[in-house]
Amino acid sequence: MTRKMWGDKPYHSLDYECKHRFGEKVYKVSLDGGMTCPNRDGTLDTHGCIFCSEGGSGDFASPLCHSVTEQIDNGIRGISSRKQTGSKFIAYFQSFTNTYAPVSLLKPLYEEALAHPDVVMLSIATRPDCLPEDVLELLTQCRHKKPVLVELGLQSIHDRTASYIRRGYPLKVYDTAVESLKQRDIEVVTHVIAGLPFETKQDFLDTVSYVGKSGSDGIKLQLLHVLEGTDLAKEYRDGIFDVLTREEYLDWIAAALSILPEDIVIHRLTGDGPKDLLIAPKWSSRKREVLNMLHRKLKDEGIWQGMKISCQSAHQNGGHYDE
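Note that the coordinates shown come from a computational prediction; the quantities given were computed from them, not determined experimentally.

## Observations concerning the sheet that holds strand 4 (residues 148–155)
- If you walk across this open sheet you meet the 7 strands as 1-2-3-4-5-6-8, and the pairing is parallel. Each having just a single partner strand, strand 1 (27–31) and strand 8 (265–268) make up the two edges of the open sheet. On average, adjacent strands in this sheet sit at an angle of 25 degrees to one another, irrespective of strand direction.
- Pairing between strand 4 and strand 5 (residues 187–194): 6 bridges, direction parallel. The residue bridging Leu 149 from the neighbouring strand is Glu 187, located in strand 5.
- Packed onto the sheet, helix 1 (residues 14–22) meets strand 2 (89–93), strand 3 (119–126), strand 5 and strand 8 and runs at close to 120 degrees relative to strand 8.
- Across the face of the sheet, helix 2 (residues 68–82) comes into contact with strand 1, strand 2 and strand 3 while running at roughly 135 degrees to strand 1.

## Some remarks on the packing of aromatic side chains
- In the structure shown here, the tally under the stated rule is 5 aromatic pairs.
- Seen from their ring centres, Tyr 236 and Phe 241 are 5.7 Å apart, and the 55 degrees between their planes marks the pair as tilted.
- On the basis of an interplanar angle of 45 degrees and a centroid distance of 5.9 Å, the ring pair of Tyr 249 and Trp 283 is categorised as tilted. In this pair, Tyr 249 is assigned in helix 9 (residues 246–258) and Trp 283 in the loop between strand 9 (278–280) and helix 10 (287–301), connecting sequence segments 34 residues apart.
- Owing to a relative accessible area of 1%, Tyr 249 belongs among the buried residues under this scheme.
- Residue Trp 283 is classed as buried on the basis of its relative accessible area, which comes to 12%.
- Residue placement shows Lys 28 over the ring face of Tyr 92; its charged tip is 4.0 Å from the ring centre.

## So, helix 7 (residues 201–214)
- In a regular helix each residue adds 1.5 Å, so 14 residues correspond to 20 Å; helix 7 covers 20 Å between its end C-alpha atoms and thus fits that length.
- Buried residues along helix 7 sit in contact with strand 4, helix 5 (159–164), helix 6 (171–183), strand 5, strand 6 (218–223) and helix 9.
- Gly 215 lies just past helix 7 and shows a positive phi near 105 degrees.

## With respect to helix 3 (residues 103–115)
- Compared with an ideal rise of 1.5 Å per residue, which puts 13 residues at 18 Å, helix 3 spans 18 Å between its outermost C-alpha atoms and is within 8% of the ideal.
- Within helix 3, the full set of buried residues consists of Leu 106, Leu 109, Tyr 110, Ala 113 and Leu 114. Considered in projection along helix 3, the buried side chains sweep an arc of 130 degrees and stay on one side of the axis. Within helix 3, the exposed residues directed more than 90 degrees away from the buried face are Ser 104 and Ala 115.
- In this structure, the buried residues of helix 3 make contact with helix 2, strand 2, strand 3 and helix 4 (133–143).

Each value, and the rule that gives it
Residues numbered from 1 in each chain as written. Predicted model: local features only at pLDDT ≥ 70, side-chain atom pairs only at ≥ 80, totals over all residues. Heavy atoms only, no water. Pairing = 2+ DSSP bridges. Helix = DSSP H or I, 4+ residues; strand = E, 2+ residues; numbered from the N terminus. Axes fitted to C-alpha atoms, helices over the stretch in contact; angles between N-to-C directions. Contact = heavy atoms within 4.5 Å. Phe/Tyr/Trp six-rings, centres within 6.5 Å; stacked < 30°, edge-to-face > 60°. Buried < 20%, exposed > 50% of the residue type's maximum accessible area, 1.4 Å probe, protein only. Lys NZ or Arg CZ within 6 Å of the ring centre and 35° of its normal. Expected span 1.5 Å × (residues − 1). Arc of directions from axis to C-beta.

What follows is the structure, encoded as structure tokens:
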């Protein structure tokens, strides 16, 4: 059985997908739309998810005091000062829950981002339980102008974990959200976290496998970060749970890639929380080193995305592997 490659990597990376679709490398520009979250405003809770920082995963977004256009321009300048960029970018509404507002407020934000000449795609991070019908209709209108990605924070399929992290909705809500978005030809990316308290490797792989079969177009495989100022930080300092070692994380991610369908786009394989907030694991701050080690592991061990699915299919077809 021959290892499949997407460019120079044995997995279907976002970088590969964007170059295929847009003809060049495309970077995300993080934006702050001024949203809150039902887990923070008292609708469900006031504390947020147990791991959520004050920035609501948008710690790298531009300040809200700037307009969307100014945020995009500032973001492009910042990226271009560090990297060699082209002329195409993804406008990424990242902070908190970016569909959790009336359409009258969301529409001008989305439309301003879509109108920017350097923006080729709109990406919106949200919760599966914050997609009412009028918001879905707005997203459909946006999709007719430029591609739209909706990023859903699932994290885990396990009820006990969902309760512990205060996610605030049952798994069936995620299923409904994916179905509703796909019916409207809106692309879906699902966030999952490796190393959640009390979860085993198999628990994590069960979540990954579920996402792979859910209809999601992409996945973000995120390492659990313990950040200052979160409820998770207190639990960690009290010794209630341990974080993954680097070796464990590499093993978990390699195994996850092997069971994901080949057409699912890998939007993230690790993460780098703000260094001034990061409590653990400290090794995760060396993101480039971690990715290099993962790539080496995949190469040395002959692992690629969808490998185990191909093997299973081959066995079912009489033992002849797909070449």
